[in-house]
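Report on the structure
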Amino acid sequence: MAREAALATGEWAEAHLGSDEVVFVETGNEDTEYRKGHPPGTVWINWSEFQDEVRLGVVDRAEFERLMRRKGIRDENTVVVLSSNSNLLATLAYWYFTLYGHRSVKLLDGGRRKWESDGRPLTTRVPDRPGSEYRAREQDASVRALRDDVLAGIGARNIIDVRAPEEYAGRTFAPGFAGAAFAPGHDPHEVAQRSGHVPGAVNLPWEAVVADDDTFRSQEELAQLYSGLDPALGSITYCWVGARSAHSWFVLRELLGWPDVRNYDGSWAEYGSLIGVPVARGPEG
């Protein structure tokens, strides 16, 4: 996908405010910033609404449909997603929409930070959208990696660990769950039984692709960041729970146009607790 198709500039987005064909969606862990002000007409979807809290991981097709219907999003709408923190959770939402085959989805380049710094319109009014008859497609397996795909990919694919170097090396430690557990924070959903990384994975932290204003770096800069990898091998991105890796998935697949890029949304929270799988530690790839 071309950069222009995947990204909505601030100018494009502002020109489409109020359009019946375009729906803006802001996402995040909590709606404090949204309630203080958001682009007019923007719908709020908490990140947790995309998650099945019992099974863990993305909601199934039927629940995704129900979520879209509640939010008044139609199949034919162009959905423009945004968030704070360099669009971290917005790229995950973009991945969810792609996973369920939404026909037209864009990411607001620069997200909330760029929109605010440019002085673009904000409102506290929460839109009241009528319900829809949204129909999702079956999951697109070409954008998602499961645990068996990761195991089969060791030594055969580009496996890209987008976490911080200390997480990759196995130095992140958080006590308190079952005596000891490894996690970047204190969310029990992010806990793994051991630290480390998938053998052969390269460590390319996700945030390197964004500029100071939270927009994506140029095509030339992005290509240089990944120049040591062969796109033809196919690629799997992972982190702890699939959010940061969805950000890197977006760069590789949607901006750079690499073929066969998959996000492992189970990520280290799953892999790090699997019995019998190979694990590497230390700074080496």
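Along each chain, the written sequence defines residue order, and numbers are assigned to residues from 1. Local features in a predicted model are, by the rule used here, given only for residues with pLDDT of at least 70; side-chain atom pairs are given and counted only at 80 or more, and totals for whole chains, interfaces and linings are based on all residues. Water and hydrogen atoms play no part in the side-chain values, which are based on all heavy atoms of the structure.

A simple rule labels every residue: compare its accessible area, found with a 1.4 Å probe on the protein chains alone, to the largest value its type can have, and call it buried under 20%, exposed over 50%, or partly exposed in between. By definition, any uninterrupted DSSP run of H or I lasting at least four residues is a helix, any uninterrupted run of E lasting at least two residues is a strand, and each is numbered from the N terminus. What helix α4 (residues 61-71) keeps buried is the set Phe64, Glu65, Leu67, Met68 and Lys71. Relative to the axis of α4, the buried residues are bounded by an arc of 160 degrees and lie together on one face. Two residues form a contact once any of their heavy atoms are found within 4.5 Å. Those residues of α4 that are buried lie in contact with β3 (43-46) and α5 (88-99). Phi turns positive one or two residues past the end of α4, at Gly72, with a value near 75 degrees. The directions from the helix axis to the C-beta atoms are what the arc is built from.

This next bit is on the side chain of Arg120. Locating Arg120 in the fold gives a position in the loop between α6 (111-117) and α7 (147-153). Residues contacting Arg120, with those up to four places away along its chain left out, are Gly10, Glu11, Glu14 and Trp115.

Moving on: helix α10 (residues 243-255). Here a helix's expected span is defined as the number of its residues, less one, multiplied by 1.5 Å. Counted at 1.5 Å a residue, the expected span for α10 with its 13 residues is 18 Å, and the 17 Å between its end C-alpha atoms agrees. For α10, the complete set of buried residues consists of Ala243, Arg244, Ser245, Ala246, His247, Ser248, Trp249, Phe250, Val251, Leu252, Glu254 and Leu255.

Our focus in this paragraph is the sheet that holds strand β11 (residues 261-263). At least two bridges found by DSSP between two strands is the condition for calling them paired. Reading across from one edge, β9-β6-β10-β11 is the order of the four strands in this open sheet, with parallel pairing throughout. Since the sheet does not close on itself, it has two edges, and those belong to β9 (202-203) and β11, each with one partner. Pairing between strand β6 (residues 158-161) and strand β10 (residues 235-238): four bridges, direction parallel. Pairing of Asp161 across the sheet is with Tyr238, part of β10.

One open sheet accounts for five strands, arranged β1-β5-β4-β2-β3; its pairing is parallel. The sheet terminates laterally at β1 (7-8) and β3, the two strands that pair on one side only. All axes are obtained by fitting lines to C-alpha atoms, using only the stretch in contact for helices, and the reported angles, taken between N-to-C directions, cover 0 to 180 degrees. Sitting on the sheet, α5 touches β2 (22-28), β4 (78-82) and β5 (105-108), and the angle it makes with β5 is about 175 degrees.

What follows concerns the pairing of β4. Counting buried residues along β4, five of its five residues qualify, which places the element largely inside the surrounding structure. Residues Thr78, Val80 and Leu82 line one face of β4 and the alternating positions Val79 and Val81 line the opposite face, and both faces are buried. Note that β2 and β4 share five bridges and pair parallel. What sits directly across from Val25, in β4, is Val81. One ladder, built from three bridges, connects β4 with β5; its direction is parallel. Note on β5: the bridge partner recorded for Val79 is Val105. A right-handed crossover is one whose linking path, passing over the helix from the first strand to the second, runs clockwise when the strands point away from the viewer. For the handedness criterion, the β-α-β arrangement of β4, α5 and β5 is classed as right-handed.

Here Ile275 is to be found in the segment after α11 (267-271). Distance in space between the C-alpha atoms of Ile275 and Gln193 is 9.6 Å, their sequence separation being 82 residues.

Next up on the list: the environment of Val251. Residue placement: Val251 occurs in helix α10. In this structure the C-alpha to C-alpha distance between Val251 and Tyr238, which are 13 residues apart in sequence, comes to 13 Å. Sequence-distant contacts of Val251, defined by excluding residues within four places in its chain, comprise Val209, Phe216, Leu222, Tyr226 and Leu256.

Further remarks concern the UniProt feature "domain: Rhodanese" (unreviewed entry) in the chain. UniProt positions are given in the numbering used here, feature names are shortened, and annotations may be inferred rather than shown by experiment. Mapped onto this numbering, the UniProt entry gives "domain: Rhodanese" (unreviewed entry) at residues 18-124 and 153-280. With 33% helix and 19% strand, residues 18-124 has end C-alpha atoms that lie 15 Å from one another.

One non-glycine residue, Leu56, adopts positive backbone phi at about 70 degrees. Mapped onto the fold, Leu56 is located in the loop between β3 and α4. Non-glycine residue Asp214 carries a positive phi angle of around 75 degrees. Along the chain, Asp214 turns up in the loop between β9 and α9 (219-225). Of the residues examined, Asp214 reaches a relative accessible area of 8% and is grouped as buried.

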